[in-house]
Amino acid sequence: MRTLHSIGTVAVIGAIALATACLTGGLIVAGETLFALASAALGGVWVAGVVLQRRWTRVVALPGMLIVAVGTTFVQVAPFVSLAGLVMTLVAWNLDDLERRLNQAGHIVDEHALRRIHTARLLLVAGASLGVGGVASVVRFEIGAIGALILGALAVLGLSRIVTLLRRMTQDWRQ
């Protein structure tokens with residue numbers, strides 16, 4: 001059981017490192033060194049908190065990393081680099097939350113299967129986000145406010161259907 005916890009911790013640290021590398025690298029290339037140092041410091045604080053098991057570091061670092069990721073869109077950072085940094089920050093947050101919940105749960109019957117299913121879902125959502133965001137950063141078209149509302153409603157409906165399908169697949173797999 002201990003190896004699974006260390007594997008989960010390594011995954012969290014890897015996701016934080018990728019998010020920090022995307023944001024910091026993009027900001028350095030854009031010539032925003034001070035902003036890049038803030039991103040690197042926040043990533044370092046978060047990694048230190050994961051290693052030392054201090055929850056408060058995530059409370060500080062996560063919003064900071066999200067602000068940096070959003071802020072990169074206002075400087076000369078490539079849109080896909082900003083998107084990748086944002087998605088990896090959210091992936092790191094999700095994995096960190098999973099680790100915290102598993103540590104609090106105590107005994108879990110099939111922890112390896114739970115991690116595998118959770119990781120598969122997370123990779124699916126992150127990949128779809130990067131794909132749609134990458135296309136959206138290249139293709140430009142005007143849809144207006146009503147079109148945005150309709151498109152948002154369709155996206156929420158589609159996402160709910162996908163989540164329902166994934167839940168059914170998980171229940172079928174368990175049986």
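Residues numbered from 1 in each chain as written. Predicted model: local features only at pLDDT ≥ 70, side-chain atom pairs only at ≥ 80, totals over all residues. Heavy atoms only, no water.

(A) Layout of the overall build of the protein. When helices and strands are tallied, the protein shows 6 helices and 0 strands. When the helices and strands of the protein are read in sequence order from the N terminus, they spell out α-α-α-α-α-α. Its C-alpha atoms put the protein at 50 × 40 × 20 Å along the principal axes. Classification of the 175 residues of the protein by burial places 32% in the buried group. At a minimum sequence separation of 6, the contacts of the protein that also span at least 24 residues come to 73%. Put simply, the protein shows about 11100 Å² of open surface, and 71% of that area lies on carbon and sulfur atoms. Once the 14 positive and 8 negative side-chain charges of the protein are each reduced to a mean point, those two points are 5 Å apart. (Helix = DSSP H or I, 4+ residues; strand = E, 2+ residues; numbered from the N terminus. Buried < 20%, exposed > 50% of the residue type's maximum accessible area, 1.4 Å probe, protein only. Contact = heavy atoms within 4.5 Å. Areas by Shrake-Rupley, 256 points an atom, 1.4 Å probe, with all protein chains shown as cover. Lys, Arg positive; Asp, Glu negative; His and termini not counted. Charge placed at Lys NZ, Arg CZ, Asp CG, Glu CD.)

(B) Highlighting unusual backbone geometry. The phi dihedral of Gln53 falls on the positive side, at around 60 degrees, and the residue is not glycine. Residue position: Gln53 is located in the loop between helix H2 (33-52) and helix H3 (56-71). The class of Gln53 is exposed, set by a relative accessible area of 64%.

(C) Representation of the nonpolar core within the structure. Membership of the largest hydrophobic core comes to 24 residues, with the highest contact counts inside it found for Ala15, Ile16, Trp46, Met65, Val91 and Leu95. Elements that contribute at least two residues to this core include exactly helix H1 (2-29), H2, H3, helix H4 (79-105) and helix H5 (111-138). Those residues in contact with Leu95 that lie beyond four places of it in its chain are Ala11, Val12, Ala15 and Leu122. (Core = buried A, V, L, I, M, F, W, Y, C linked by side-chain atoms within 4.5 Å.)

(D) View of a nonpolar patch on the surface. Judged by side-chain polarity, Val135, Val138, Val139, Phe141, Ile143 and Leu151 come together as a nonpolar surface patch covering roughly 590 Å² of accessible area. When its relative accessible area of 44% is taken as the criterion, Val139 is described as partly exposed. (Patch = residues over 30% accessible without salt bridge, like charges linked within 9 Å, V, L, I, M, F, W, Y side chains within 5 Å. Salt bridge = Lys/Arg side-chain N within 4 Å of Asp/Glu carboxyl O.)

(E) Spotlight on H2. Compared with an ideal rise of 1.5 Å per residue, which puts 20 residues at 28 Å, H2 spans 28 Å between its outermost C-alpha atoms and is within 8% of the ideal. All of the buried residues in H2 are Ala36, Ser39, Leu42, Gly43, Trp46, Gly49 and Val50. For H2, the angular spread of buried residues about the axis comes to 155 degrees, placing them on one side. In this structure, H2 carries Leu34, Leu37, Val51 and Leu52 as exposed residues pointing more than 90 degrees from its buried face. Gln53 sits one or two positions beyond H2 and adopts a positive phi of about 60 degrees. (Expected span 1.5 Å × (residues − 1). Arc of directions from axis to C-beta.)

(F) Structural view of the side chain of Arg115. Along the chain, Arg115 falls in helix H5. A distance of 2.3 Å separates polar atoms of two side chains, one belonging to Arg115 and the other to Glu99. (Polar contact = N/O pair within 3.5 Å; in protein donor to acceptor, adjacent residues only side chain to side chain.)

(G) Quick look at the confidence of the model for the protein. Summing up the model confidence of the protein, the mean pLDDT is 86 and the portion of residues at 70 or higher is 95%. Mean pLDDT in the protein bottoms out at helix H6 (residues 144-174), which sits at 82, and peaks at H2, which reaches 91. (pLDDT = per-residue confidence, 0-100.)

(H) Expanded view of the layout of surface pockets. Roughly 570 Å³ of volume is contained in the largest pocket. Lining the largest pocket are 16 residues, with Arg121, Val125, Leu159, Val163 and Leu166 positioned closest to its centre. Breaking the lining of the largest pocket down by element, the ones donating at least two residues are H4, H5 and H6. A total of 9 residues in the lining of the largest pocket trace back to one element, the largest contributor, which is H5. (1 Å grid on protein atoms, 1.4 Å probe; cavity = no way out; pocket = protein on both sides within 12 Å on 5 of 7 lines; lining within 4 Å. Points joined across faces, edges and corners; volume = space filled by probe spheres on them.)

(I) A look at H5. Look at H5: 40 Å from first C-alpha to last across 28 residues, which is about the 40 Å you get at 1.5 Å a residue. Turning to H5, its buried residues are Glu111, Ala113, Arg115, His118, Leu122, Ala126, Gly133 and Gly134.

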